[in-house]
Amino acid sequence: MIQSLRGMNDILSEEYERFEYFLTTASTIAKRYGFHYIETPLLEETALFKRSVGESSDIVGKEMYQFIDKGENDVCLRPEGTAGVVRAFVQHKLDKKGGIHRFYYNGPMFRYERPQKGRLREFHQFGVESFGVDSVYEDALMIMMVADILKALGIGYRLKLNSLGDQNCMPAYREQLVGFIESCGDAICGDCERRKLTNPIRVLDCKNEACQILYINAPKLIHHLCEGCQSDFDTLKTILDQHDIAYEIDTNLVRGLDYYSKTAFEFVSDNIGSQSAIAGGGRYDRLIEFLDGKPTPAVGFALGIERLMELIVMPETVREGYYLGAMDAQAVTPILLCAEKIRRTQKAVVEYEPRSLKAHLKGADRINARYCAVIGENELAQNTIWIKDLVEKTESVIPMNELLSLLAL
RNA sequence: GUGGGUGUAGCUCAGUCGGUUAGAGCAUCAGGUUGUGGUUCUGAGGGUCGUGGGUUCGAUUCCCAUCACCCACCCCA
């Protein structure tokens, strides 16, 4: 038997209902916030991700589905959504056009990781990117939008907030931190030794207790923000307070993608295992110029759909549409004709095998139909159809030619 | 990539200290006399015991490999 590739799942009917419910909910909210849909290719030039996400990141360093195509192009399946949207933004010269551009997207992302709960090799994200707005109000808007979406889906969360600084304060801080780590000498663990070079801030949330003791007095970026970053961060906190959005400052919160600066946030859930991040985002003011565009301020976020699906509280399903069945082989033809009429406005599912009334009622119940419509010997003789409302538990026999007017009601 | 666990019917799981026809619940289908569901009763169908090797007279049970899933690390959505 041929199986799907490791970490790549099919999304079957019942599960897809959740998926679709999520998408409509999230898209509706994004549109209300003034965002427009954008679709970008799944396959992009590898260089795009190397320059945006960053070669030092795990995502680019070891998780990309990268290959050379038949035209000798170095390509890869997108591991995240932002890079492609920024590429499109620059390619279509929207940076030069100026103004504000707000997009939302959704689709599969690919990362060659070891699968576990909430971590797949092909997974789906819903994301939003905003270009051209400098103000922290836009950062707050992002967070409010995620909060809105999660609320609409009945999902509880914790919001972690941090500021990563900008080119004025970040590099200086980074240097200071690396200096501090070096002062610890050989006492730090192997992981930290590696992090020191790749992503020094990660050192601060090392799980190793010995390391933690060493880092108690490590400099924190939050205390070394420049004036602009500090006041933006303060404003952001104020806005969130005003909107009753609870948050916790996590000075160790680092986004794993190199392009972030200033605001960084992560929504986490305690109910889905160790892969607890359900949404993450932040500001990335430098990315557009990294990708050869005109410097443009930008913020965005992405939600992990599969992780969310575990948490979504679905609205109660209501019975809808018709189930049609025949009790006599002769009745199959009129049943099919009825179904065709019903389907002009409503759902109609036909059972082709003639069966007992009991079997049909069971069938109607199973597919959660509102009405069970059956034609048997009696109805056939009188050119009528028997219809039972499975909710009201009422039944009636109506002439076939009245069926359409009944449906119009 | 590292460490640990699991893999028996569609689903959830028993079981076999290696020995003939592998079990349960749920689900499915059919019946409980004449055309009524989401609750019951009876019965039926359905498994090469993840896959491939090895040990053995004999393996679903033991060993090895492999694949998939789960957990932790790592990382992130």
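Here, every reference points to the structure presented above.
What counts and what doesn't
- Numbering of residues starts from 1 in every chain and runs along the sequence as written.
- A letter from A marks each chain and a number from 1 marks each ligand, given out in the order of writing.
- Local features are withheld for residues below a pLDDT of 70 in this predicted model, meaning they are given only at 70 or higher, and side-chain atom pairs are given and counted only at 80 or more; totals for whole chains, interfaces and linings count all residues.
- Working from all heavy atoms in the structure, the side-chain values ignore hydrogens and water.
- In this scheme, a residue with accessible area under 20% of its type's maximum is buried, one over 50% is exposed, and one in between is partly exposed, where area comes from a 1.4 Å probe on protein chains only.
- Secondary structure elements are taken from DSSP: a helix is a run of H or I of four residues or more, a strand is a run of E of two residues or more, and numbering for both begins at the N terminus.
- Two strands pair if DSSP finds at least two bridges between them.
- Salt-bridge detection follows one rule: a side-chain nitrogen of Lys or Arg within 4 Å of a carboxyl oxygen of Asp or Glu.
- Here is the rule: rings of Phe, Tyr and Trp (six-membered ring for Trp) pair when centre to centre is within 6.5 Å. Planes less than 30 degrees apart are stacked, more than 60 are edge-to-face, and the remainder are tilted.
- To count toward a patch, a residue needs a relative accessible area over 30% and no salt bridge; like charges are then connected within 9 Å, while nonpolar side chains (Val, Leu, Ile, Met, Phe, Trp, Tyr) are connected within 5 Å.
- Per-residue and other accessible areas follow the Shrake-Rupley method at a 1.4 Å probe size, with only the shown protein chains counted as cover for residues.
- When charges are tallied, Lys and Arg are placed among the positive residues and Asp and Glu among the negative ones, while His and the ends of the chain are skipped.
- Each charge is placed at NZ for Lys, CZ for Arg, CG for Asp and CD for Glu.
- The term disulfide is used for any two cysteine sulfur atoms that are within 2.5 Å.
- By this rule the span expected of a helix is its residue count minus one, scaled by 1.5 Å.
- The arc refers to the directions leading from the helix axis to the C-beta atoms.
- Throughout, a residue-residue contact means that at least one pair of heavy atoms, one from each residue, lies within 4.5 Å.

A. Expanded view of the pairing of strand 15 (residues 384-389). Burial runs high along strand 15: five of the six residues are buried. With four bridges connecting them, strand 14 (residues 371-375) and strand 15 associate as antiparallel partners. Note on strand 15: the bridge partner recorded for A373 is I387. The pairing of strand 15 with strand 16 (residues 394-399) spans six bridges and is antiparallel. Considered in strand 16, the bridge of T384 is made with P399. Between the end of strand 15 and the start of strand 16, which pair antiparallel, lie four residues, with K393 showing a positive phi angle near 60 degrees.

B. Structural view of the pattern of salt bridges. For the structure shown, the criterion picks out 17 salt bridges. Between D292 and R51 there is a salt bridge, with its nearest N and O atoms 2.7 Å apart. Residue D292 is located in the loop between helix 11 (287-290) and strand 11 (298-304), and its partner R51 is located in helix 2 (residues 46-54); the two are separated by 241 residues in the primary sequence. The class of R51 is partly exposed, set by a relative accessible area of 41%. Here K262 makes a salt bridge to D232, at a shortest N to O gap of 2.8 Å.

C. Up close: the packing of aromatic side chains. What the rule picks out here adds up to 13 aromatic pairs. Summarising the aromatic geometry, the rings of F22 and F126 are spaced 5.8 Å apart at their centres and angled 90 degrees between planes, so their arrangement reads as edge-to-face. Taken together, the residues F22 in helix 1 (residues 13-32) and F126 in strand 6 (residues 122-131) connect sequence positions 104 residues apart. Summarising the burial analysis for this pair, F22 and F126 share the class buried. A centroid spacing of 5.1 Å and a plane angle of 65 degrees characterise the contact between Y157 and F267, whose relative ring orientation is edge-to-face. Of this pair, Y157 sits in the loop between helix 6 (136-152) and strand 7 (158-163) while F267 sits in strand 9 (residues 261-268), and the two are 110 residues apart along the sequence. Among the aromatic side chains, those forming a connected cluster through ring pairs are F89, F103, F131, Y260 and Y284.

D. Geometry of a negative patch on the surface. Taken together, the side chains of E14, E15, E17 and E20 define an acidic patch exposed on the protein surface. By the secondary structure assignment, E20 is in helix 1.

E. Focus on the sheet that holds strand 1 (residues 36-37). Strand order in the open sheet made by the eight strands is 1-5-6-11-10-9-7-8, with mixed pairing throughout. Either end of the sheet is taken by a strand with one partner, and the two such strands are strand 1 and strand 8 (248-249). In terms of strand pairing, strand 1 meets strand 5 (residues 101-110) through two bridges, oriented parallel. Of the residues in strand 5, the one forming a bridge with Y37 is Y104.

F. Geometry of unusual backbone geometry. Residue N368 is not a glycine yet carries a positive backbone phi of 65 degrees. With respect to the secondary-structure elements, N368 resides in the loop between helix 14 (357-366) and strand 14. With relative accessibility at 27%, the residue N368 sits in the partly exposed group. In this model, K393 sits at a positive phi of 60 degrees, which is unusual for a non-glycine residue. Looking at where K393 falls in the secondary structure, it is placed in the loop between strand 15 and strand 16. By relative accessible area, K393 is classed as exposed at 63%.

G. Up close: the state of the cysteines. Counted according to the given criterion, the structure contains zero disulfides. You can see C229 has no disulfide; the closest cysteine sulfur is in C226, sitting 3.6 Å from it.

H. The arrangement of helix 7 (residues 170-183) in detail. Across its 14 residues, helix 7 extends 20 Å between first and last C-alpha, which sits within 8% of the 20 Å expected from 1.5 Å per residue. For helix 7, every residue scored as buried is listed here: M170, Y173, L177, F180 and I181. Angular distribution of buried residues about the axis of helix 7 spans 100 degrees; they occupy a single face of the element. Among the exposed residues of helix 7, those oriented more than 90 degrees off its buried face are E175 and S183. Next to the buried residues of helix 7 lie helix 8 (190-198) and helix 9 (209-215). Of the residues trailing helix 7, G185 is marked for its positive phi of about 65 degrees.

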